[in-house]
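Structure at a glance
Read off the chains here:
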Amino acid sequence: MAQNNRTTRTFGLQPADVTPRALWLNRRSLLAGMGAIALTAGRPAQAAGPYSTDLPPNSLEDITSYNNFYEFGFGKEDPARLAGGLTTSPWAVQIDGLVERPGTYALEDLLAGLTIEDRIYRFRCVEAWSMVIPWNGVPLAAILDKVGVQSGARFVAFESLARPEEMPGVAAGLLNFPYREGLRLDEAMHPLTLMATGLYGETLPNQNGAPLRLVVPWKYGFKSAKSLVRITLTDTQPTTTWQGLQPAEYGFYANVNPKVDHPRWSQASERRVGGGLFAPRVDTLMFNGYEEFVADLYKGQDLAVDY
Ligand SMILES: Nc1nc2c(c(=O)[nH]1)N[C@H]1C(S)=C(S)[C@@H](COP(=O)(O)O)O[C@H]1N2
Ligand SMILES: [Mo]
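Everything numeric here is computed off the predicted structure, so don't read it as measured data. (Residues numbered from 1 in each chain as written. Chains lettered and ligands numbered in written order. Predicted model: local features only at pLDDT ≥ 70, side-chain atom pairs only at ≥ 80, totals over all residues. Heavy atoms only, no water.)

Bringing the side chain of Asn-208 into the picture now. Position of Asn-208 among the secondary structure elements: in the loop between strand 8 (202-203) and strand 9 (213-215). Reaching out from Asn-208, the side chain makes a polar contact with the backbone oxygen of Ile-63 at a distance of 3.0 Å. (Helix = DSSP H or I, 4+ residues; strand = E, 2+ residues; numbered from the N terminus. Polar contact = N/O pair within 3.5 Å; in protein donor to acceptor, adjacent residues only side chain to side chain.)

A word on the confidence of the model for the chain. Overall, the predicted model of the chain reaches an average pLDDT of 88, with 84% of residues at or above 70. Counted against residues more than four places away or in other chains, residues 1-24, with its pLDDT under 50, gives 46 contacts. Of the regions scoring below 50 in pLDDT, residues 26-47 engages in 25 contacts with residues more than four places distant in sequence or in other chains. (pLDDT = per-residue confidence, 0-100. Contact = heavy atoms within 4.5 Å.)

Around ligand 1, 17 residues are found, and the nearest of them are Asn-67, Tyr-70, Glu-71, Ser-224 and Lys-226. Contact between ligand 1 and Lys-226: an oxygen atom at 2.7 Å from a side-chain N or O atom of the residue. Protein coverage of the free-state accessible area of ligand 1, which is 530 Å², stands at 98%. Partitioning the shell around ligand 1 into residue classes produces 8 nonpolar, 6 polar and 3 charged. (Near = heavy atom within 4 Å. Areas by Shrake-Rupley, 256 points an atom, 1.4 Å probe, with all protein chains shown as cover. Nonpolar A, V, L, I, M, F, W, Y, C, P; charged D, E, K, R; others polar.)

Another aspect to go through is the UniProt feature "binding site: Mo-molybdopterin" (unreviewed entry) in the chain. UniProt tags Asn-67, Tyr-70, Glu-71, Cys-125, Ser-160, Asn-208, Arg-213, Ser-224, Ala-225 and Lys-226 as "binding site: Mo-molybdopterin" (unreviewed entry). Given the relative accessible area of 4%, Asn-67 is considered buried. In this structure, Asn-67 is in contact with Gly-75, Lys-76, Pro-79, Gln-207, Asn-208 and Lys-226, ignoring residues within four places of it in sequence. If you trace the backbone, Glu-71 turns up in the loop between helix 3 (60-65) and helix 4 (78-82). (UniProt positions renumbered as here; feature names shortened; annotations may be inferred. Buried < 20%, exposed > 50% of the residue type's maximum accessible area, 1.4 Å probe, protein only.)

So, in structure tokens, the structure goes:
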């Protein structure tokens with residue numbers, strides 16, 4: 001995986017370009033230029049950590065106008081059109097199962113004392129499109145450490161909000177809501193696994209899963225469950241929404257893998273959203289480019305069986 005070289009990184013910004021995205025990217029360039037001194041002045045040192053890609057991020061427009069969020073409909077434009085009315089404050093997350101301090105936590109309490117980090121991640125949907133997204137958030141491990149994982153826990157189950165009054169896709173029963181996902185505990189504790197609270201340095205847009213959504217960059221996008229209201233530590237592998245619907249097509253692991261095709265289409269390449277009509281397809285990378293960080297998690301597993 002290509003690593004950052006922030007000192008030579010430019011974004012071709014014009015002085016007149018003062019969109020939020022430009023300001024955010026400018027801040028990043030500025031931090032890179034100022035080096036270690038800047039890292040102690042307000043922003044987390046992790047912002048320049050090893051996990052961000054140096055690929056240019058998609059525009060805020062791309063990231064917020066082409067979404068999958070079936071609670072608002074099946075169409076890619078439905079979330080942008082219909083998620084605006086979602087109430088995201090106050091917000092509480094129930095944390096239960098095999099934890100030391102179970103409870104219903106106000107989002108502010110859950111995040112209190114944790115450092116919001118910047119992570120520019122590749123994002124690869126199982127439908128073979130992709131983006132590059134500059135998230136802000138906290139490692140899931142920091143939240144799990146806060147509530148205390150009991151020794152018997154082996155998996156983490158996630159549940160999204162299902163509020164029919166504000167979610168037309170839920171009201172219409174498009175899927176068997178609430179949307180559910182799950183990770184093995186070692187996947188959940190991996191430093192790449194993020195609980196996103198924002199993107200481009202701004203509050204997470206509703207269509208991207210406000211106010212708190214999972215981001216697991218080496219797995220297909222459907223693992224990254226949005227608008228989370230419940231996290232459960234368990235000793236058994238949780239059932240997940242897509243696995244429940246089409247177990248032959250969507251597995252529990254759902255690691256990005258160009259060598260294991262979806263039964264109905266190839267996973268060898270992807271279309272980068274925002275590249276324009278004639279942009280060439282991009283090769284899909286093993287574990288979405290995060291192989292060096294996560295391959296060890298799957299040692300000894302047959303990834304064609306554990307798809
Ligand atoms: N609750 C919930 N989470 C979800 C989905 C969904 O429909 N509901 N769609 C998933 C899929 S298929 C993808 S590709 C990503 C899309 O995230 P984005 O819209 O922020 O790009 O969200 C994932 N998380
Ligand atoms: Mo997806």
